Amino acid sequence: IRFAFVEYLMFLPILFLLLLAVAGVLQLLGKPPPQQPVFTLYFSEGRAPVLRALVFLVTVIGPVAEEVFFRGILYRWLRTRWGIGKALAGSAFFFALLHGDPVAFVPILGLGLLFGWVYERTGSLAAPISIHVAHNAGMLYLASVVKDLAKVA
């Protein structure tokens, strides 16, 4: 898990650059980036039990289910047929596609590659699950900060 977090921290600048690149392209096209549905719900929902359930789904259930499927099942299956490189790319592609957000496709593809790489290097689903949980929790935390700042402004 320590290896996974080191790899994740090293990947964060790349993820940031991917997000900036996508935002730049959207700005050149004159299109504002759409908000992901989970954040739309998070910002609009006021009921504490619903917010707690959403946070649990986004930070625990989603990452565990996605890693079990995309790394534990799909990647392993693709790896036996295609080898490591193509399996990493294929599982990351389907991971990004599942999220259904064309704007975030490239950054999510990058995360999928990272999660697959960490799984390949460690042989354990605990490693990609831990950084996936941390990533999603971090994104919700940032959303919370933005939500609180919006209330103040």
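Keep in mind the model is a prediction, meaning the values are calculated, not measured.

Participant: Before we go on, may I ask you to explain the side chain of S130 in this structure?
Facilitator: With respect to the helices and strands, the residue S130 is situated in helix α6 (residues 126–152). S130 gets classed as buried once you look at its relative accessible area, which sits at 15%. Leave out the neighbours within four places in its chain, and S130 touches I1, A4 and F5.

Participant: Teacher, can you tell me more about the pattern of salt bridges here?
Facilitator: If the charged atoms of two oppositely charged side chains come close together, the side chains can form a pair. All told, the structure shown has two salt bridges when counted by the stated rule. Between E67 and R71 there is a salt bridge, and its shortest N-O distance comes to 2.7 Å. Separated by four residues within a single helix, E67 and R71 lie in helix α3 (residues 48–82), roughly one turn from each other. When sorted by exposure, E67 lands in the same class as R71, which is buried.

Participant: For this particular structure, what's the right way to read the nonpolar core?
Facilitator: Grouped burial of nonpolar side chains is what soluble globular proteins tend to show. Residues F95, L111, L114, V118 and I131 are the most contacted members of the largest nonpolar core, which totals 22 residues. For this core, the secondary-structure elements that each account for two or more residues are α1 (2–29), α3, α4 (84–98), α5 (105–122) and α6. Top contributing element to this core by residue count: α5, with seven residues. When neighbours within four sequence positions are excluded, L111 is seen to be in contact with Y8, F11, L15, F95 and H135. Within the second largest apolar cluster, seven residues are counted, among which are F39, L51, L54 and V58.

Participant: Explain the packing of α4 against α5 to me, please; I cannot follow it from the model alone.
Facilitator: To describe two helices that pack against each other, one gives the angle between their axes and the distance between the axes. Direction vectors running N to C along α4 and α5 enclose 135°, while the axes themselves pass 8 Å from each other. Taken together, the axes of α4 and α5 lie oblique to each other. α5 is crossed by α4, and the crossing has right-handed handedness. Judged by residue contacts, I84, L88, A89, A92, F93, F95, A96 and L97 of α4 engage F105, I108, L109, L111, G112, L113, F115, G116, W117 and E120 from α5. When the residues that make up the contact of α4 with α5 are grouped by side-chain class, the tally is 15 nonpolar, two polar and one charged.

So, how was this worked out
Residues numbered from 1 in each chain as written. Predicted model: local features only at pLDDT ≥ 70, side-chain atom pairs only at ≥ 80, totals over all residues. Heavy atoms only, no water. Helix = DSSP H or I, 4+ residues; strand = E, 2+ residues; numbered from the N terminus. Buried < 20%, exposed > 50% of the residue type's maximum accessible area, 1.4 Å probe, protein only. Contact = heavy atoms within 4.5 Å. Salt bridge = Lys/Arg side-chain N within 4 Å of Asp/Glu carboxyl O. Core = buried A, V, L, I, M, F, W, Y, C linked by side-chain atoms within 4.5 Å. Axes fitted to C-alpha atoms, helices over the stretch in contact; angles between N-to-C directions. Parallel < 35°, antiparallel > 145°, perpendicular 65-115°, else oblique. Left-handed = near helix turned anticlockwise from the far one by under 90°. Nonpolar A, V, L, I, M, F, W, Y, C, P; charged D, E, K, R; others polar.

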